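# A closer look at the structure
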Amino acid sequence: VADGEAFRAALARAAAAARDEDRVMTLGVVPRWAETGYGYLELGEPAGEVAGVRRVRRFVEKPDPERAAGFVASGGYLWNAGIFVFRGATLLAHLARLAPELARGLEAMAGASSPEAADELYAGLPALSIDYAVMEKLDGISTLPLDCGWSDLGSWEALYEVLAADAQGNAAHGGETLTVDARGNLLVSDPGAPGVIAVLGVSDLVVVRTGDAVLVLPRARSQEVRRLVDELKVRERKELL
């Protein structure tokens, strides 16, 4: 979160809508590029008395690059940051209706005789995110646009966006790097690791060096790194994951 004041102001407005109008709120991040690694919120009409609140027309799963570009160009979509604001009683009521097994488990945890007993009950709860269990099933969920330099740092491209870059747009993190006639690259290595990452005459790459592997890919395809993970699983190279 680059702008803490803007983040706190948006949270305060969302809390007011949740408290005073009993709304289930989500903060939707104003997109800064056509990200394919996030879900999106499609904006609906204004709602309630708190300024800026909009209804969420629908949740959209992670799009392909063409759809993501269309979402951003339209101005009618926000990144789904997964930041929710609600009254506790309101969420419990929705859980009882939409995810009853989870609701029963939480009720049992509340009456557990010890922290250890609560831990045991927790381990048996369904592995459901709040998005899938509740939010994507609700009618009337609302959102506030959030413009505070938010990132979940969930991809190499997202990391590049928050690191300081040199005059040629190269950003580095960790060990020593050397760039010659190179632009827009992200160079990452384990801090304190021996050796240097050196690049010459290349642009817009991600180069990551660890103790047992080197990763090289175009920055624009940073979300596709999961394809390498899948291939390593097929080859049973779990020690590299």
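A short tour of the structure in this document, coming up. (Residues numbered from 1 in each chain as written. Predicted model: local features only at pLDDT ≥ 70, side-chain atom pairs only at ≥ 80, totals over all residues. Heavy atoms only, no water.)

## Side note on the nonpolar core
Quick note on the threshold: To form a nonpolar core, buried Ala, Val, Leu, Ile, Met, Phe, Trp, Tyr and Cys residues must be joined to one another through side-chain atoms within 4.5 Å. Exposure is judged per residue with a 1.4 Å probe applied to protein chains only, and the accessible area is read against the type maximum: over 50% gives exposed, under 20% gives buried, and values in between give partly exposed. For the purposes of this entry, the term helix denotes a DSSP run of H or I that reaches at least four residues, the term strand denotes a run of E that reaches at least two, and both are numbered from the N terminus.
If you look at the biggest cluster of nonpolar residues, it comprises 28 residues, and the most contacted ones within it are Met25, Leu27, Tyr40, Val53, Trp79, Leu146 and Trp150. Of all the secondary structure elements, the ones that give two or more residues to this core are helix H1 (4–21), strand E1 (25–29), helix H2 (65–74), strand E4 (77–85) and strand E5 (142–146). Take this core: its biggest share by element is six residues, from H1. Counting residues in each nonpolar core, the second largest holds 17 residues, with Phe84, Val134, Met135 and Leu138 among its members.

## Things to note about the packing of aromatic side chains
Defined as follows: Working definition: rings of Phe, Tyr and Trp (its six-membered ring) pair if their centres are within 6.5 Å, and the pair is stacked with planes under 30 degrees apart, edge-to-face with planes over 60 apart, and tilted otherwise.
For the coordinates displayed, the defined rule picks out five aromatic pairs. Ring centres of Trp33 and Trp79 lie 5.1 Å apart, and the angle between their planes is 65°; this geometry places the pair in the edge-to-face category. With Trp33 in the loop between E1 and strand E2 (40–46) and Trp79 in strand E4, this pair connects stretches of sequence that are 46 residues apart. Each member of the pair, Trp33 together with Trp79, is buried.

## Focus: the packing of helix H3 (residues 88–98) against helix H4 (residues 100–110)
As a reminder of what qualifies: In this description, a line fitted to the C-alpha atoms serves as the axis of each element, helices being fitted only across the stretch in contact, and the angle between N-to-C directions of two axes falls anywhere from 0 to 180 degrees. Orientation categories follow fixed angle ranges, with anything under 35 degrees roughly parallel, anything over 145 roughly antiparallel, 65 to 115 roughly perpendicular, and all other angles oblique. Note on contacts: a residue pair is in contact if any heavy atoms of the two residues lie within 4.5 Å. Classes in brief: Ala, Val, Leu, Ile, Met, Phe, Trp, Tyr, Cys and Pro nonpolar; Asp, Glu, Lys and Arg charged; the others, Gly included, polar.
Running from N to C, H3 and H4 point in directions that differ by 130°, and their axes come no closer than 5 Å. The pairing of H3 with H4 is recorded here as oblique in orientation. Between H3 and H4, the contacting residues are Leu95, Ala96, Arg97 and Leu98 on the first element and Pro100, Leu102, Ala103 and Leu106 on the second. A per-class count over the contact of H3 with H4 returns seven nonpolar, no polar and one charged.

## Describing the sheet that holds E4
Note the following rule: Any two strands with at least two DSSP bridges between them are considered paired.
The five strands lie next to each other as E1-E4-E2-E3-E5, forming a closed barrel whose pairing is mixed. On average, adjacent strands in this sheet sit at an angle of 55° to one another, irrespective of strand direction. Relative to E5, strand E3 (residues 54–60) runs antiparallel, the two being bridged by two bridges. Paired with Arg54 across the bridge in E5 is Thr143. Against the sheet, H1 engages E1, E4 and E5, with an angle of about 150° to E1.

## Comments concerning the sheet that holds strand E10 (residues 205–209)
Pairing within the open sheet is mixed, and its four strands lie in the order E6-E8-E10-E11. Only two strands of the sheet have a single partner each, and these edge strands are strand E6 (171–173) and strand E11 (214–218). Averaged over all neighbouring strand pairs, the angle between strand axes comes to 10°, with direction disregarded. Where strand E8 (residues 186–189) and E10 come together, four bridges link them in parallel fashion. Bridge pairing in E10 links Leu187 to Val207.

## Side note on the pairing of E11
On E11, burial follows the alternation: Leu215 and Leu217 on one face are buried, whereas Val214, Val216 and Pro218 on the facing-out side are not. Here E10 pairs with E11 via five bridges, running antiparallel. Pairing of Arg209 across the sheet is with Val214, part of E11. Here E10 folds back onto E11 in antiparallel fashion, the turn holding four residues.

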